[in-house]
Amino acid sequence: MIILGIETSCDETAAAVVRGIGDRVEVLSNAVSSQIEIHKKYGGVVPEVAAREHVLNIMPVVNQALEKAGVNPLNPPLQGGRVLNPPFEGGAGGLDAIAVTVGPGLVTSLLVGVETAKTLAYAWDVPTVAVNHIEGHIYANFIGRNSKSEILNSKQIQNPKSKIKNKIQFPALILTVSGGHTMLVLMKGHGKYKVLGETRDDAAGEAFDKAAQLLQLGYPGGPAIAKWAEKINPLKPPFKRGVRVVTLPRPMINSNDFDFSFSGLKTALLYAIQKDRDWKLRIPEYAAEFQAAAVEVLVHKTIKAALKYNCKNIMLSGGVAANLELRRQLEQAVKNKLSGANLSIPEFKYCTDNAAMIATAGYFRARRKKFTPWRKLKADCNLELK
Ligand code: KG4
Ligand code: ZN
């Protein structure tokens, strides 16, 4: 099956084409138009500006994705001189379905993707699949990988007899950490989710962004904090002339549930720098301690949940999954505390918002015939993961 994915839930306009064969997914194209430069000057995403940019970018991005993938829905494959009825099975110009993010996200941004998908589905007579953005982040882990998280080449993906296993075993545990969400999800099978815990206030990425704003490091904050934190040896606590200058709390680390809270961490950082006249001289220390605190809580709760639910597959997803320290700490903890468990982390480009993950989630839904007629596609900014 060949699926076009469309993603416009926040500030990236993205379209991608994937080919799914059995449990394997190969990305044929992955186009992303980022608005980071535009929103930088405001220190965050301005919804009206994001929506306007999506309108300008969506069709060029969709065209780019289709062209790169060699898919032309206006020129569907012929059989005996007659156009096949959709859904056609891949083929030269064939497109089997359009998968689109319907929520959660900024409603004005979501609307652009949803209306585009509806229009194209009507014009091309192709079925549509509604995808939850969080589900998309989760499915970034199913792109071109085997169970050991090795990236497969396209020959291996396309060869159904290839010995390499491409299956993630269920139940799997997913830590989804993005600018809008922080969730621990138990995945019992394709499309079967149980949310074990989530943030009670700020999302992890949001906390990184706010911390970076406090430290005047610019937007987006996650990569900026990570860059400054790299200047400190992560194995040593941030000392200065023998005095530990920066200590921040690990919020809710010992709570009896799988929820998170990051707003207090950001406030603790604010109070710490307010008390420190020379904080600008210690930005690496503050950044490293903030990152260490956030990562420690995320890793601790993930391991606790994996032990409780006996998960042998742990997956990381969302924009904050691009954080190297989080990747390192989680890898170490899985090795030390969950012997035999497998950790899957998407490639960097599939961690932050992209449409390949949406098309992949869409493929697994389309395989189960979970289509939504285009007339019923609706943007839902508070869509829950079900
Ligand atoms: O998934 P994503 O692209 O968009 C949402 O769905 O929210 O995530 C964006 C978030 C931002 O908050 C950004 O600061 C964070 O991911 N992020 C990072 C890193 N790269 C992106 N956070 C920590 N470390 C990073 N290297
Ligand atoms: Zn996202």
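Each remark here, short or long, concerns the structure printed above.
Within each chain, residue numbers correspond to sequence positions counted from 1 in written order. To read the labels, note that chains go from A and ligands from 1, taken in the order they are written. Given that the model is predicted, a residue must reach a pLDDT of at least 70 before its local features are reported, and side-chain atom pairs must reach 80 or more before they are shown or counted; all residues, however, enter totals for whole chains, interfaces and linings. Side-chain measures here rest on the full set of heavy atoms in the structure, leaving out hydrogens and waters.

With that out of the way, let us pick up the overall build of the chain. Helix numbers and strand numbers start at the N terminus; a helix is a DSSP run of H or I with at least 4 residues, a strand a run of E with at least 2. Helices and strands together make up the secondary structure of the chain, namely 11 helices and 14 strands. Burial status follows relative accessibility: with a 1.4 Å probe on protein chains alone, a residue under 20% of its type maximum counts as buried, one over 50% as exposed, and anything between as partly exposed. Per-residue burial over the chain gives 55% buried out of 386 residues. Note on definitions: a residue-residue contact is assigned when non-hydrogen atoms from the two residues lie within 4.5 Å. Taking contacts inside the chain between residues at least 6 apart in sequence as the whole, the part at least 24 apart equals 72%. Areas reported as accessible are Shrake-Rupley estimates using a 1.4 Å probe. Residue values count occlusion only from the protein chains shown. Approximately 17,600 Å² of the chain is accessible, and the part contributed by carbon and sulfur atoms is 52%.

Spatially, β3-β2-β1-β6-β7 is the arrangement adopted by the 5 strands of the open sheet, whose pairing is mixed. Every other strand in the sheet has two partners, leaving β3 (24-34) and β7 (128-132) as the edge strands with one partner each. Across the sheet, the mean angle separating the axes of adjacent strands is 20° when strand polarity is ignored. The pairing criterion for strands is at least two bridges between them, as found by DSSP. Of the strand pairs in this sheet, strand β1 (residues 2-7) and strand β6 (residues 97-103) are connected by 4 bridges, and their pairing is parallel. When the sheet's bridge partners are listed, Gly 5 is paired in β6 with Ala 99. Whenever a helix is involved, its axis is fitted only over the stretch in contact; in every case the axis is a line through C-alpha atoms, and angles between N-to-C directions fall within 0 to 180 degrees. Packed onto the sheet, helix α3 (residues 107-124) meets β1, β6 and β7 and runs at close to 155° relative to β6.

With that settled, consider the coordination of the zinc ion (ligand 2). Four donors placed tetrahedrally around a metal ideally meet at 109.5 degrees, and six donors placed octahedrally ideally meet at 90 or 180 degrees. Within the protein, His 133 (NE2), His 137 (NE2) and Asp 353 (OD) serve as the donor atoms for the zinc ion (ligand 2), at 2.0 to 2.1 Å. Here a donor is an N, O or S atom found within 2.8 Å of the metal, or within 3.2 Å if the metal is Na, K or Ca; sites may look incomplete because water is not among the atoms. The motif formed by the donor residues of the zinc ion (ligand 2), counted along the single chain, is H-x3-H-x215-D. Highlighted residues: His 133 in helix α4 (residues 133-139) and Asp 353 in the loop between β14 (342-344) and α11 (356-367), separated in sequence by 220 residues. Overall, Asp 353 belongs to the buried group, its relative accessible area being 16%.

In the vicinity of ligand 1 there are 17 residues, among which Gly 179, Asp 209, Gly 222, Asn 323 and Asp 353 approach most closely. What qualifies as a polar contact is a pair of N or O atoms within 3.5 Å, subject to a donor-acceptor requirement within protein and to the restriction that residues adjacent in sequence count only when both atoms come from side chains. Here Gly 180 contributes a backbone N or O atom positioned 3.2 Å from an oxygen atom of ligand 1. The definitions used throughout rest on a 1 Å grid laid over the protein atoms alone, on which a cavity is an enclosed set of points accommodating a 1.4 Å probe that cannot get out and a pocket is an open set flanked by protein within 12 Å on both sides along at least five of seven lines; lining residues are those having an atom within 4 Å of a point. Pocket or cavity membership: a molecule qualifies when more than half of its atoms sit within 2 Å of the grid points of that site. Taking a 2 Å distance to the grid points as the criterion, the majority of the atoms of ligand 1 fall inside the largest pocket. Those elements giving two or more residues to the shell around ligand 1 turn out to be α4, α6 (204-214) and α7 (221-229). Residues are grouped as follows: Ala, Val, Leu, Ile, Met, Phe, Trp, Tyr, Cys and Pro are nonpolar; Asp, Glu, Lys and Arg are charged; every other residue, Gly included, is polar. Looking at the shell around ligand 1 residue by residue, the class counts come to 4 nonpolar, 11 polar and 2 charged. Lining the shell around ligand 1 are residues from two domains, each supplying at least three of them: domain 1 (2-143 + 350-376) and domain 2 (149-345). Nearness is defined per residue: one heavy atom within 4 Å of the molecule or strand is enough. Each domain's extent was defined by an automatic or database domain assignment.

The rule for a salt bridge is simple: a side-chain nitrogen of Lys or Arg has to be within 4 Å of a carboxyl oxygen of Asp or Glu. Summed over the entire model, instances satisfying the criterion amount to 16 salt bridges. Residues Glu 230 and Arg 328 are paired through a salt bridge, measuring 3.1 Å at the closest nitrogen-oxygen approach. Here the residue Glu 230 occupies a position in the loop between α7 and β11 (239-240), and Arg 328 occupies one in helix α10 (residues 324-337), the gap between them amounting to 98 residues. Taking the relative accessible area as the measure of exposure, Glu 230 reaches 48% and is therefore partly exposed.

Right, let's talk about the pairing of strand β8 (residues 172-177) for a bit. Every other side chain in a regular strand lies on the same face of the sheet, so the side chains alternate between the two faces. With 6 of 6 residues buried, β8 is to be regarded as a mostly interior element. Side-chain alternation along β8 places Ala 172, Ile 174 and Thr 176 on one buried face and Leu 173, Leu 175 and Val 177 on a second face that is also buried. Both β8 and strand β9 (residues 182-189) contribute to a ladder of 6 bridges, which runs antiparallel. Pairing of Leu 173 across the sheet is with Leu 186, part of β9. Linkage of β8 to β9, two consecutive antiparallel strands, is achieved through a turn of 4 residues.

A few words now on the sheet that holds β14. The strand order across the open sheet formed by 5 strands is β10-β9-β8-β13-β14, and the pairing between neighbours is mixed. Edge positions in the sheet fall to β10 (192-198) and β14, since each of these pairs with one other strand and no more. Sheet twist, expressed as the average angle between the axes of neighbouring strands with direction ignored, equals 20°. Where β8 and strand β13 (residues 313-317) come together, 5 bridges link them in parallel fashion. Paired with Leu 175 across the strands is Leu 316, a residue of β13. Across the sheet, helix α9 (residues 283-308) lies against β8, β9, β10 and β13, angled at about 160° from β8, the strand it touches most.

A few words on the packing of α6 against α9. Where α6 contacts α9, the axes come no closer than 11 Å and their chain directions differ by 170°. As the angle between them shows, α6 and α9 are arranged roughly antiparallel. Each of Ala 204, Ala 207, Phe 208 and Ala 211 in α6 lies in contact with α9, whose residues at this interface are Phe 290, Gln 291, Ala 294 and Leu 298. Of the residues belonging to the contact of α6 with α9, the class tally is 7 nonpolar, 1 polar and no charged. Angles are sorted into four bins: roughly parallel if under 35 degrees, roughly antiparallel if over 145, roughly perpendicular if 65 to 115, and oblique for all others.

Along α6, the residues that are buried comprise Ala 204, Gly 205, Ala 207, Phe 208, Ala 211 and Ala 212. The buried residues of α6 all sit within an arc of 160° when viewed along its axis, so they share a single face. In this structure, the buried residues of α6 make contact with β8, β9, α7, α8 (263-275) and α9. Positive phi appears at Gln 216, one or two residues downstream of α6, with a value of about 55°. Directions drawn from the helix axis to the C-beta atoms are what define this arc.

Turning next to the environment of Ala 322. Its place among the elements puts Ala 322 in the loop between β13 and α10. Apart from the residues lying within four places of it in its own chain, the contact partners of Ala 322 are Arg 327, Phe 348 and Cys 351.

This brings us to α3. Between the first and last residue of a helix there are one fewer steps than residues, each counted as 1.5 Å, and that sum is the expected span. If you check α3, its first and last C-alpha atoms are 25 Å apart, about what 18 residues at 1.5 Å a residue would give, namely 26 Å. Residues of α3 that are buried in the fold lie against β1, α2 (47-69), β6 and β7. Following α3 by one or two positions, Asp 125 adopts a phi angle in the positive range, close to 60°.

The values reported here are purely geometric and, on their own, carry no functional implication.
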